[in-house]
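Structure at a glance
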Amino acid sequence: MKSTLAICRRDMGSYFNSPVAYIVITVFLLFVGVLFFVPFFSMGKASARELFGVIPFLYIFFVPAITMRLIAEEKHTGTIEVLSTMPVRDGEVIIGKFLAALGLLAVALLLTIPYPIAISTMGKLDWGPVLGGYIGLILMGSSYLSIGILASSVTKNQIVAFVIALFLSMAFMLLDRFLYFLPSALSSILEYFSLSYHFRNISRGVVDSRDVLFFVSFTATGLLLSLYALQSRRWR
Amino acid sequence: MTDAHPMIEAEGLSKSYDGLKAIDRLSFQVMRGEILGFLGPNGAGKTTTMKILTSYIAPSEGRARVKGFDVVEESLSVRRHLGYLPENAPLYHDMIVRDYLEFVSELRQIPMENRKKSLKKSVEHCGLGDVMSRPIGDLSKGFRQRVGLAQAMIHEPEILILDEPTSGLDPNQIVEIRELIKELGKERTVILSTHNLGEVQVTCQRVIIIHKGKIVADGTQADLQASQGGYRCEALFASERLNPVDAESALRALEGVKRVERLPEGESGTAGFRILSEASGDPRAAIFRKAVEKGWILLELRREAMNLEQIFRQLTLTEGKGSEKEAKPS
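Just so we're clear, the structure is a prediction, and the values are computed from it rather than from any experiment. (Residues numbered from 1 in each chain as written. Chains lettered and ligands numbered in written order. Predicted model: local features only at pLDDT ≥ 70, side-chain atom pairs only at ≥ 80, totals over all residues.)

1. A short note on the overall build of chain B
In terms of regular secondary structure, chain B is built from 11 helices and 14 strands. Along the first, second and third principal axes, the C-alpha atoms of chain B reach 80 × 45 × 40 Å. For chain B, long-range pairs separated by at least 24 residues make up 71% of all intrachain contacts whose partners lie at least 6 apart in sequence. (Helix = DSSP H or I, 4+ residues; strand = E, 2+ residues; numbered from the N terminus. Contact = placed C-beta atoms within 7 Å.)

2. Some remarks on the overall build of chain A
Summing up its helical and strand segments, chain A has 11 helices and 0 strands in all. Starting at the N terminus and walking to the C terminus, you meet the elements of chain A as α-α-α-α-α-α-α-α-α-α-α. Its C-alpha atoms give chain A a radius of gyration of 19 Å, within 12% of the compact-globule value 18 Å for 236 residues. Out of the 236 residues in chain A, the part that is buried amounts to 42%. For chain A, the share of sequence-separated contacts (at least 6 apart) that also reach a separation of at least 24 residues comes to 78%. (Rg over C-alpha atoms; globule rule 2.2 N^0.38 Å. Buried ≥ 20, exposed ≤ 12 C-beta atoms within 10 Å, placed from the backbone.)

3. Considerations on the interface of chain A and chain B
Counting residues at the interface gives 20 residues for chain A and 21 residues for chain B. Broken down by secondary-structure element, the contributors of at least two residues to the side of chain A that touches chain B are α1 (2-16), α4 (79-84) and α11 (209-235) of chain A. The element that contributes the greatest number of residues to the side of chain A that touches chain B is α1 of chain A, accounting for 5 residues. Taken together, the residues that form the side of chain A that touches chain B break down as 6 nonpolar, 9 polar and 5 charged. (Nonpolar A, V, L, I, M, F, W, Y, C, P; charged D, E, K, R; others polar.)

4. Here's the deal with the nonpolar core
Residue and element names in this part refer to chain B. Judged by nonpolar contacts, the single largest core of 137 residues is most densely connected at Tyr100, Ala150, Ile161, Ile208 and Ile209. Those residues in contact with Ala150, other than ones at most four positions away along the chain, are Leu101, Ser122, Val123, Cys126 and Leu128. Counting 12 residues, the second-largest nonpolar core is a separate cluster that includes Ala235, Leu251, Val257 and Trp296. (Core = buried A, V, L, I, M, F, W, Y, C linked by C-beta atoms within 7 Å.)

5. Remarks on the environment of Leu276 of chain B
Tracing the chain through its elements places Leu276 of chain B in strand β13 (residues 270-277). Residues Leu276 of chain B and Val260 of chain B, spaced 16 residues apart in sequence, show a C-alpha to C-alpha distance of 6.3 Å.

6. Some details on helix α4 (residues 112-126) of chain B
All names here are of chain B. A rise of 1.5 Å per residue sets the reference length of α4, with its 15 residues, at 21 Å; its end C-alpha atoms lie 22 Å apart and thus fit the reference within 8%. Residues Leu119, Ser122, Val123 and Cys126 constitute the buried set of α4. End-on view of α4: buried residues confined to an arc of 100°, all on one side of the axis. Across α4 from its buried face, at more than 90 degrees, point the exposed residues Glu113, Lys116, Lys117, Lys120 and Glu124. Residues of α4 that are buried in the fold lie against α3 (97-107), α5 (141-153) and α6 (171-185). Looking one or two places after α4, you find Gly127, whose phi comes out positive at around 65°. (Expected span 1.5 Å × (residues − 1). Arc of directions from axis to C-beta.)

7. A closer look at the domain arrangement of chain B
Looking at the assigned domains, one finds that chain B contains domain 1 (8-226) and domain 2 (231-305). Averaged C-alpha coordinates put domain 1 of chain B and domain 2 of chain B at centres separated by 45 Å. (Domains from an automatic or database assignment.)

8. Structural notes on the sheet that holds strand β9 (residues 206-211) of chain B
All names here are of chain B. Taking strand neighbours across the sheet as the criterion, the 6 strands line up as β6-β7-β8-β3-β9-β10 in an open arrangement whose pairing is mixed. Two strands close off the open sheet at either side, each with one partner strand: β6 (82-85) and β10 (214-220). Direction aside, the axes of adjacent strands within the sheet are offset by 15° on average. Sheet topology places strand β3 (residues 35-39) next to β9; 4 bridges connect them, and they run parallel. Note on β9: the bridge partner recorded for Gly37 is Val207. α5 contacts β6 and β7 (159-163) of the sheet and is inclined by roughly 165° relative to β6. (Pairing = 2+ DSSP bridges. Axes fitted to C-alpha atoms, helices over the stretch in contact; angles between N-to-C directions.)

9. Concerning the sheet that holds strand β5 (residues 69-70) of chain B
Residues and elements named next belong to chain B. Taken in spatial order, the 4 strands make up an open sheet running β2-β1-β4-β5, and their pairing is antiparallel. The outermost strands of the open sheet, each flanked by one partner alone, are β2 (20-30) and β5. In the sheet, strand β1 (residues 8-17) pairs with strand β4 (residues 61-66) via 5 bridges, with the strands oriented antiparallel. In the sheet register, Ser14 faces β4, and the bridge partner there is Glu61. Set on the sheet, helix α1 (residues 46-53) makes contact with β1, β2 and β4; between it and β1 the angle comes to about 120°.

10. A short note on the confidence of the model for chain A
Mean pLDDT over chain A stands at 89; residues scoring 70 or higher make up 97%. Confidence, expressed as mean pLDDT per element, reaches its minimum in chain A at helix α9 (residues 184-193) of chain A with 77 and its maximum at helix α5 (residues 90-110) of chain A with 96. (pLDDT = per-residue confidence, 0-100.)

11. Considering the packing of α3 of chain B against α5 of chain B
Residue and element names in this part refer to chain B. Between α3 and α5, whose axes approach to 9 Å, the crossing angle comes to 25°. When the axes of α3 and α5 are compared, the pair comes out roughly parallel. The two elements α3 and α5 meet at a crossing, and its hand is right-handed. Counted together, Val97, Tyr100, Leu101 and Val104 of α3 and Val147, Ala150 and Gln151 of α5 form the full contact between these two elements. Of the residues that constitute the contact of α3 with α5, the class distribution is 6 nonpolar, 1 polar and no charged. (Parallel < 35°, antiparallel > 145°, perpendicular 65-115°, else oblique. Left-handed = near helix turned anticlockwise from the far one by under 90°.)

12. So, the environment of Phe162 of chain A
Residues and elements named next belong to chain A. Relative to the elements of secondary structure, Phe162 occurs in helix α8 (residues 158-174). The exposure class assigned to Phe162 is buried, which follows from the 21 C-beta atoms found within 10 Å. Distance in space between the C-alpha atoms of Phe162 and Ala72 is 10.0 Å, their sequence separation being 90 residues. In contact with Phe162, other than residues within four places in its own chain, are Pro64, Ala65 and Met68.

13. Some thoughts on unusual backbone geometry
All names here are of chain B. At Asn88, a position not held by glycine, the phi torsion is positive, near 65°. As for its position among the elements, Asn88 is in the loop between β6 and α3. A positive phi angle, near 55°, is found at Gln109, a position not held by glycine. Here Gln109 shows up in the loop between α3 and α4.

14. Quick look at the pairing of β1 of chain B
All names here are of chain B. Pairing of β1 with β2, which is carried by 7 bridges, proceeds in the antiparallel orientation. Each residue of the ladder has a partner; that of Ala10, found in β2, is Phe28. What sits between β1 and β2 in their antiparallel hairpin is a turn of 2 residues, with Asp18 showing a positive phi close to 50°.

Written as structure tokens, this is what we have:
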């Protein structure tokens, strides 16, 4: 537990002591602003719903950008060898890094709160769905982070990690867009695995335990696979 | 100094990468307080062996124990007793030295109350006092290597495994690091790898020479010299009463002598020979008697032990020939 926190702190430090975090967050906020406010003014309604349409889309690029270095870079420079020969479990390494990335994501989300506040000054804003939306964003973000960490743990190359994570994230986001072409039995299964499907439920303001459970188990699975990828050096 | 239980035991360690054997049935033991040098050409399997001993990777076959703990089954206990400096001292370049060492202390689970003390000790040992608040990425190669060493010894492990601790350093730094390692080796078990022969000669009590994944020699320097090298003598005679050609053949006829070479002309009026003998015998007495018998005037007779460099070249250059020989420590 202490080791997990030490690793989390170190990775947080390396995000915020370098320009990485600031650049990524700035670009993220810029895109949120542009993509959200341009249609917002033409809509003429005080609703934050569009915000929760824009951010999941941006996650596809944003999350791989913050996870790509986590393990790939340590493999590339060899520091993973020092880390893995300390009395630290590989699981602690993975979770520490996950928490660091989640911290960065949370900071970015926190900085988007001025948007709904701005909306609330223009009209009556229903805060229920906004709260649900943010809970959903954290849960969905965790799932994407686990994909990103998995991608980062299978390669030494950050760019490769980014591309793999981008591709997988896109696949899981778009899963329910292909439903029309498929037989209904299959489509309901696919829909279940679509991250956007569960997110839509939550962002309507209904935090259902089934959706929460889905995100949590999705994240756990991703992190578990990352753990196996990290440990594969032992049995290869 | 040594006690009965070996600190490190390897039994028939093998590791293959994609069907290619990196190391092939290595067996050896290291006792407490020993400084062991792994010597071998690049790609001989030194790093692979070290990665197995630190339980970073698992062997394909065989087993290894560190302080009685199996490196595969009891990896966490193994790692608690080890300090490891991987090749090229990989470090987080964006961290400052102090933060990095504090991070390591935390992961090494050094109790809070001892942290300051152990940090201070390893910083002093490694001479890092002046660079504590600088980013690691800005440091010279020598300082980074020292940060790596500080990282490996901060928790005062009983066993230190150092992969090429002096590579890339300048001669002064090399001397400093060697002194440091010798100092550390007084109370600890140290394994270091190198392809620098001088290093082993100066630092290590015992040498294991690895070639193509196999141990081709294992023993103290004296053992190796006795078993692999044989003796080399240089004899210098006054040339007035001696015919060099006859003398050469007469010396060659001596018992135990393998080869005789004429030394290049040195002092005028002298004739010098280099005499190589079998490992078993010291030929000096026979040379002296021969000189008396023939009435040669012996000016100098010197024995030099075959140095490690020659042994190393002999073992690692001759294909197959030397590879099954093994010298056990006496």
